[in-house]
Amino acid sequence: MAGKNIKVLLVEDNSGDVFLLQEFLKEVTTVVVNLIPVERLSEALNYLANEIFDAILLDLSLPDSQGLETFVIAHHQAKATPIIVLTGLNDETLAIRAMQQGAQDYLVKGQVTGDLLVRSMRYAIERQRADNALRHSEERFRVALKNSPIFVYNQDRELRYTWVYNPSDGLMVEEMLGKKDLDIIPVEDAERLTTIKRGVLTTGIGTREEVSIRIKDTTRYYDLTVEPLRNESQEVVGVTCASIDISEQQAALRERKLAQEKIREQAALLDVTTDAICVRDLNNQIIFWNKGAEALYGWQATEVWGKNASELLYDEPSPEIEAALLQVISKGKWQGELTKLTKTDKEILVASRWSLVCDEQGKPKSILTVDTDITEKKHLEAQLFRAQRLESIGTLASGIAHDLNNILTPILAGAQLLPLKFPDADKRTRHLLEILEINARRGADLVKQVLSFARGVEGKRITLQLKHLIVEVAKILKETFPKSIEISTDVPQDLWMVSGDSTQLHQVLMNLCVNARDAMANGGSLSMSAENLLIDQNYARRNLEAKEGSYTVITVSDTGVGIPKEILDRIFEPFFTTKDVGQGTGLGLSTVLGIIKSHGGFVNVYSEPGSGTSFKVYLPAVGGMETFSPEDLPPQIGNGELILVVDDETAIQEITRTSLETHNYKTLIASDGIEAIALYAKNRDNISVVLMDIMLPSLDGLTAIRTLQKINPQVRIIASSGLMSDNKLSAVAAIGVNTFLSKPYTVNELLLSLQKILS
C-alpha cells in the first residue's frame with residue numbers, strides 16, 4: 001500500500017454489485033481505492049500473473065468457478081496478497097473454512113459499507129504483511145539453525161520429543177519423535193538429563209548445564225540450555241532445549257590442564273630457589289610463575305597467569321627483547337642482562353637465561369625463563385669502579401699539586417718582595433706586580449682545592465649544629481642569587497649535631513648551591529633540607545662508603561636542567577666540567593667530596609635530565625640536640641642590612657643607630673609614623689626590617705604598621721614600646737607582628753631580635 005492509495009482487484013460477475021461497491025468506496029475520503037473489476041476467475045488469474053495488488057475482493061460464485069475451490073485457486077496464485085471473501089452467502093461454516101484456508105476476512109453483500117470495506121481491506125493488508133514478515137523470519141531462522149551446530153527440540157511434560165531440528169551425531173528426526181531420552185541414549189546419561197529437565201518442569205525456571213553423553217562408543221560433551229515451554233495460559237506444558245557440542249573445546253581444555261599440572265609438578269621443586277622462574281607460551285602469555293618470581297617482581301602467580309609477559313615486565317617494547325625472542329626460537333637458548341619492572345614500577349637489573357621447551361614431537365611450545373636479581377651487585381660494582389677511579393685521579397692530583405706548590409711558592413714570594421725592593425717604582429710597574437701577586441694567590445687557592453680533593457681537608461673540628469649553617473647560607477643566597485630563583489629551607493628542630501669544620505661545611509653548601517644556580521639559568525626552586533637518619537646493615541651493604549650508625553643528612557635540590565646519565569659518574573672528578581671556558585674550574589664537586597670524606601661521610605646524587613638534581617650529603621652524627629637560651633646565644637653581626645628605626649626620642653635614635661652600625665647594619669631614622677611611611681615607600685626594596693615604636697606622635701605605631709603592610713604585605717617589623725597594656729599587645733599580635741621588643745632593651749636583645757626576624 002503506497003500512501004493513501006489502495007490497488008484492489010475485484011472479482012465479481014454481478015455488474016450491479018460492482019457499481020454499488022464503487023459508489024460505497026467513493027464516499028470514503030480517508031483513502032483512494034483504485035478498483036479493477038473482472039467477471040471471471042481466469043481473468044483474475046491473468047491479472048495476478050502480471051500485476052501486483054494490495055488486496056483482492058473475491059466472490060466465490062463465478063461463471064468459471066464455484067464455492068471454496070474459487071478461493072483455493074486464487075490463494076494459490078497470489079499467496080502474498082490478502083484475499084477478502086465477498087459473497088452473498090451468509091454461511092458461517094463456509095466462512096470458517098475460508099478463514100482456515102487463509103482468507104483475511106469474510107464479508108456478506110448487503111451488510112457492507114464503504115468504511116467497513118476499506119477498514120477490512122486495510123486490516124487484511126497489515127495482517128498479510130505481518131504474516132509475510134513472520135514467514136521470512138522463520139525461514140531465516142530455519143536456514144541459520146540448519147547451518148549452525150545447535151540442536152534444538154521440544155518435549156512434553158512426559159519428556160517425549162514433540163519437535164526436533166538439526167539433531168547431531170547421526171540421529172534422525174523420525175527416530176526421536178514420540179520417544180524419551182531413555183529410548184535413545186544410555187540409561188545413566190538419560191537419567192541425568194531427565195533429572196535436569198524435571199527440575200525445570202517443577203520450578204518453571206530455566207537452567208544451563210554441561211553434560212556428557214555416550215553415543216556409539218564415544219563420549220561427547222554438550223552445553224545444554226533447558227527452558228520451560230508454556231501455553232497461552234502460561235502453564236508449563238513441556239521444555240524447549242538447545243544443545244551445542246563442545247567436545248573439542250573440552251578436549252583442548254583437558255589437555256591444557258594436564259600440561260599445566262605437569263609443569264606445576266616439575267616446577268614445585270624450583271620454588272625453593274630465590275631465582276625467578278617463569279614459563280610463557282609462544283604467544284608470550286605466562287603459564288607458570290614460581291615463588292621466586294613472586295618475591296622478585298611482587299606479582300602473585302594468580303595475578304599473572306594468562307597475562308602478556310612483555311606488558312607486565314617491560315615499560316615498552318625494545319629491539320633487545322625482540323632479538324632475544326628470535327634467538328631463543330632459532331637456537332633454543334639465550335642469556336643476557338635485562339632491565340625489568342616490578343609491580344611497583346621499580347626498575348631492576350636481572351641476569352636472564354631463556355630456554356625453548358618443545359613437546360614430544362619436537363615442536364616448540366613454550367619458553368622457560370630464569371632471572372637472577374643483580375641490581376645490588378651492579379650498583380656495588382659501579383661504586384667500586386668510581387671509588388677506584390677517583391682514588392687514582394686523587395693520587396695523580398696530589399703529585400701535580402705538590403709540583404705546582406713548588407713552582408708557585410717563589411713566584412708568590414717574589415711578587416710580595418719586589419714592591420719592598422723597589423718602593424719608588426712607577427704606577428704601571430706597581431700594577432703589574434699586583435697582577436702577579438693576585439694570580440699567584442689564585443694559583444695557590446687552586447692548588448688547595450686540588451689537595452682538598454686528593455687528601456681530604458683537615459681543619460678544626462667542633463661539635464656544631466648544621467641548622468644554623470643552613471640558615472646562614474640561605475640568607476646569603478637570598479641576597480645574592482637572582483630573584484628568579486626561589487630559596488627554601490626545611491630543617492627539623494631536633495636535628496642531630498655533627499663534628500666538623502664549619503668553614504669547610506659552609507664551602508660544601510655554597511659549592512652545591514652555586515652549581516644549582518648555574519643549572520637554573522631561567523629561574524626555578526632551590527631547597528635545602530636536613531633530616532636524621534639511622535643507617536642499618538642492609539643499607540650499608542648497598543653503599544660502599546656508608547657505615548652503620550646515626551647520620552645527619554643535608555639535601556640540596558634544584559629544578560634545573562639535570563645531569564645526563566652518561567656523565568653522572570664523572571661529576572666528582574677534578575677539572576671535569578660542562579661549563580664554558582672561564583666559567584668553572586671543575587673543582588667544586590671534587591672539593592665537596594674531599595671535605596665530606598675527610599669528615600667520615602659520603603655523598604649521593606640523584607638526577608634526571610629536565611627534572612632537576614638532588615645532592616644528599618651524609619655526615620656522621622654525634623647525637624643529642626642543641627638547646628640554647630636567647631641569653632646564651634652570641635649575637636651575629638649583620639650583613640649590611642638596612643634597618644628603618646622609627647622612634648620620637650632622639651637619644652634612642654642615636655644609641656640604636658650606633659649599636660646597629662657597629663654590628664655591620666645600616667640605618668634610616670624616622671621620628672614619627674608619617675615620616676616612616678614616606679621613607680619606607682621610597683626605600684622599600686632596600687629596607688630589611690622596620691623597628692617601630694608603638695607610641696608615636698602625629699600617627700601612632702599601630703596605624704603606621706597597618707599602612708606599611710598595605711605597601712608591602714611581607715614587611716618585617718619589630719614592635720617596640722616602653723609601656724604596653726595587654727590590649728595593646730593583643731592588637732600588635734592581631735595585625736601580624738610576632739616580634740616585640742620591650743624598652744629598655746640591651747644591644748644583645750636588639751641584635752638577637754633582628755637575627756630572629758631576618759632568619
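Bear in mind that the values here come from a model prediction, so they are computed numbers and not experimental data.

Some points on the overall build of the chain
- When you go through the chain residue by residue, the secondary structure sums to 24 helices and 29 strands.
- Buried positions account for 41% of the 759 residues belonging to the chain.
- Put simply, of all contacts in the chain between residues at least 6 apart along the chain, 62% involve residues at least 24 apart.
- Accessible area of the chain: about 42500 Å², with a carbon and sulfur share of 53%.

Structural notes on the environment of L691
- Within the fold, L691 resides in strand β27 (residues 687-693).
- Taking C-alpha positions, L691 is 8.3 Å from D647, a pair spaced 44 residues apart along the chain.

Here we look at the pairing of strand β13 (residues 276-281)
- Of all six residues making up β13, six are buried, and the element is well covered by its neighbours.
- For β13 and strand β14 (residues 286-289), the ladder comprises three bridges, and the chain directions are antiparallel. Residue R280 lies in a different strand from β14, and its bridge partner there is I286.
- Hairpin connection, β13 to β14: the antiparallel pair is bridged by four residues, and N284 has positive phi, about 70°.

Regarding the nonpolar core
- If you look at the biggest cluster of nonpolar residues, it comprises 40 residues, and the most contacted ones within it are L466, L477, L505, L526 and M528.
- Broken down by element, the residue count for this core peaks at seven residues, all from helix α16 (residues 502-518).
- If sequence neighbours within four positions are ignored, L477 has contacts with I487, M510, C513, L526 and M528.

Some thoughts on helix α21 (residues 673-683)
- Within α21, burial applies to G673, A676, I677, L679, Y680 and N683.
- Considering only its buried residues, α21 is in contact with β25 (642-646), β26 (666-670), β27 and α22 (701-711).
- Its side-chain oxygen at 3.2 Å from the backbone nitrogen of I674, D672 defines the N-terminal cap of α21.

Topic: the sheet that holds β14
- The strand order across the open sheet built from five strands is β14-β13-β17-β16-β15, with neighbouring strands paired in antiparallel fashion. The open sheet has two free edges, formed respectively by β14 and β15 (333-341), since each of these has just one partner strand. The average angle at which neighbouring strand axes cross in this sheet is 25°, direction not considered.
- The sheet contact formed by β13 and strand β17 (residues 364-373) spans six bridges and is antiparallel.

Some words on the side chain of D189
- Mapped onto the secondary structure, D189 falls in helix α7 (residues 187-203).
- Its relative accessible area of 8% is what places D189 among the buried residues.

Observations concerning the packing of α21 against α22
- Direction vectors running N to C along α21 and α22 enclose 15°, while the axes themselves pass 10 Å from each other. What the angle tells us is that α21 and α22 run roughly parallel. Classified by chirality, the crossing of α22 by α21 is right-handed. Seen from α21, the contacting residues are G673, A676, I677 and Y680; seen from α22, they are A704, T707, L708 and I711.
- When the residues that make up the contact of α21 with α22 are grouped by side-chain class, the tally is six nonpolar, two polar and no charged.

Quick look at unusual backbone geometry
- Although it is not a glycine, N284 sits at a positive phi angle of roughly 70°.
- Along the chain, N284 falls in the loop between β13 and β14.
- A positive phi angle is found at S698, which is not glycine, with a value near 65°.
- One can find S698 in the loop between β27 and α22.
- Under the relative-accessibility criterion, S698 is labelled exposed at 64%.

Here's the deal with the packing of aromatic side chains
- Taken as a whole and judged by the stated rule, the model has eight aromatic pairs.
- Measuring from ring centre to ring centre gives 4.3 Å for F602 and Y618, while their planes differ by 10°; the resulting arrangement is stacked. You can see F602 sitting in strand β23 (residues 602-608) and its partner Y618 sitting in strand β24 (residues 612-623), a full 16 residues away along the chain. With respect to burial, F602 and Y618 carry one shared label: buried.

Calculation notes
- Residues numbered from 1 in each chain as written.
- Predicted model: local features only at pLDDT ≥ 70, side-chain atom pairs only at ≥ 80, totals over all residues.
- Heavy atoms only, no water.
- Helix = DSSP H or I, 4+ residues; strand = E, 2+ residues; numbered from the N terminus.
- Buried < 20%, exposed > 50% of the residue type's maximum accessible area, 1.4 Å probe, protein only.
- Contact = heavy atoms within 4.5 Å.
- Areas by Shrake-Rupley, 256 points an atom, 1.4 Å probe, with all protein chains shown as cover.
- Pairing = 2+ DSSP bridges.
- Core = buried A, V, L, I, M, F, W, Y, C linked by side-chain atoms within 4.5 Å.
- Polar contact = N/O pair within 3.5 Å; in protein donor to acceptor, adjacent residues only side chain to side chain.
- Axes fitted to C-alpha atoms, helices over the stretch in contact; angles between N-to-C directions.
- Parallel < 35°, antiparallel > 145°, perpendicular 65-115°, else oblique.
- Left-handed = near helix turned anticlockwise from the far one by under 90°.
- Nonpolar A, V, L, I, M, F, W, Y, C, P; charged D, E, K, R; others polar.
- Phe/Tyr/Trp six-rings, centres within 6.5 Å; stacked < 30°, edge-to-face > 60°.

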